[in-house]
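In case you want the letters, here they are:
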Amino acid sequence: MSDERPEELPDLRASDADRERVVERLRDAVAEGRLDMDEFEERLEAAYKSRTYRELEPLTRDLPAAPGTAGPGAAAHAGAARPYGESWPGTEPWPARIGGAGTSSAAVAVMAGFQRKGHWTVPARFTAVAFWGGGQIDLREARFAEREVVINCVAVMGGIEIVVPPGVEVDVRGFGFMGAFDQRDSPGPAAPGAPRVVVTGLAFWGGVEVKVKAPRLPAAPPRKEL
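Here goes a summary of the coordinates provided. As the structure is a prediction and not an experimental result, all values here were calculated from the model.

This paragraph deals with the packing of helix H1 (residues 16–31) against helix H2 (residues 37–49). Following both chains from N to C, one finds H1 and H2 inclined at 175°, their axes separated by 10 Å at the closest point. Here H2 runs roughly antiparallel to H1, going by the angle between their axes. Every residue of H2 that contacts H1 at Arg19, Glu20, Val22, Val23, Leu26, Arg27 and Val30 is listed here: Met37, Phe40, Arg43, Leu44, Ala47 and Tyr48. Looking at the contact of H1 with H2 residue by residue, the class counts come to nine nonpolar, no polar and four charged.

Phi at Trp132 is positive, roughly 55°, even though this residue is not glycine. Turning to its location among the elements, Trp132 is positioned in the loop between strand S4 (125–131) and strand S5 (134–138). Trp132 gets classed as partly exposed once you look at its relative accessible area, which sits at 47%.

Further remarks concern a negative patch on the surface. Side chains of Asp36, Asp38, Glu39, Glu41 and Glu42 sit close together on the surface and give a patch of like negative charge. In this fold, Asp36 is placed in the loop between H1 and H2.

Right, let's get into the environment of Ile98. Relative to the helices and strands, Ile98 is located in the loop between helix H3 (53–56) and strand S1 (106–110). When its relative accessible area of 24% is taken as the criterion, Ile98 is described as partly exposed. In this structure, the C-alpha to C-alpha distance between Ile98 and Arg147, residues 49 residues apart in sequence, is 6.3 Å. Setting aside anything within four residues of it in sequence, one finds Ile98 in contact with Arg143, Phe144, Glu146, Arg147, Gly193 and Pro195.

Relative to strand S7 (residues 148–156), S4 runs parallel, the two being bridged by seven bridges. In the strand pairing of S7, Phe126 is matched with Ile151. Bridging between S7 and strand S12 (residues 196–204) involves nine bridges; their strand directions are parallel. If you follow Asn152 over to S12, its bridge partner there is Thr200.

Here the focus is the pattern of salt bridges. Taken as a whole and judged by the stated rule, the model has 10 salt bridges. Between Arg196 and Glu169 there is a salt bridge, with its nearest N and O atoms 3.1 Å apart. Taken together, the residues Arg196 in strand S12 and Glu169 in strand S9 (residues 169–172) connect sequence positions 27 residues apart.

We now examine the nonpolar core. By size, the foremost hydrophobic cluster in this structure holds 31 residues, and its most contacted members are Ile137, Leu139, Cys153, Ile160 and Ile162. Looking at this core, the elements with two or more residues in it are S1, S4, S7, strand S8 (159–164), S12 and strand S13 (207–212). Of the residues forming this core, the biggest block, four residues, is contributed by S7. Contact partners of Ile162, with chain neighbours within four places excluded, come to Ile137, Leu139, Ile151, Cys153, Val199, Val208, Glu209, Val210 and Lys211. Counting residues in hydrophobic clusters, the runner-up holds 16 residues, among them Val22, Phe40, Tyr53 and Leu59.

Each value, and the rule that gives it
- Residues numbered from 1 in each chain as written.
- Predicted model: local features only at pLDDT ≥ 70, side-chain atom pairs only at ≥ 80, totals over all residues.
- Heavy atoms only, no water.
- Axes fitted to C-alpha atoms, helices over the stretch in contact; angles between N-to-C directions.
- Helix = DSSP H or I, 4+ residues; strand = E, 2+ residues; numbered from the N terminus.
- Parallel < 35°, antiparallel > 145°, perpendicular 65-115°, else oblique.
- Contact = heavy atoms within 4.5 Å.
- Nonpolar A, V, L, I, M, F, W, Y, C, P; charged D, E, K, R; others polar.
- Buried < 20%, exposed > 50% of the residue type's maximum accessible area, 1.4 Å probe, protein only.
- Patch = residues over 30% accessible without salt bridge, like charges linked within 9 Å, V, L, I, M, F, W, Y side chains within 5 Å.
- Areas by Shrake-Rupley, 256 points an atom, 1.4 Å probe, with all protein chains shown as cover.
- Salt bridge = Lys/Arg side-chain N within 4 Å of Asp/Glu carboxyl O.
- Lys, Arg positive; Asp, Glu negative; His and termini not counted.
- Charge placed at Lys NZ, Arg CZ, Asp CG, Glu CD.
- Pairing = 2+ DSSP bridges.
- Core = buried A, V, L, I, M, F, W, Y, C linked by side-chain atoms within 4.5 Å.

Shown next as structure tokens:
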């Protein structure tokens, strides 16, 4: 990171690549044990909302700079090498996560619950039904059959939670009758190549909630005794 303080940095507009470099450095900091998950999620949200170098600079100011990072345009670190593993599910470039056959086309919970999470492929159209029950659709580690997918939710006296990672474009179109479709968090600016998730359907005495959470990172390997 440059030695320039935020007040000295020009109000130049940051690019998507600048934001992604900051996010990559934050991910590395979690893997290195420098940030906990609460700090990571807070800074991640701020990174995707940043518009200028002045806003990006404080997010990695207290982290060691990656080698070769300098100059006022280096508001993002180049990303230090990970101490273990090259990548993990949910952090691959978005274009690499588009394509393939859907794992399943529907999930139903009647006085029960369902989950779709981890490694799975979201089809072009997925239907979720919760009747006196609940369900969770977690897209953080998922692949997407197409660039745009539609999740049709029907919640009757029940609830459905949809978890998306930052950078995904979300379009909530559902109708609530004595119920609600609620998008509590902003996923930030759409990342290059990221999919578009359209959430539609009906909530009757129930609710459908969209949350934004960072991809889950693997636990660090135990430290070796000296």
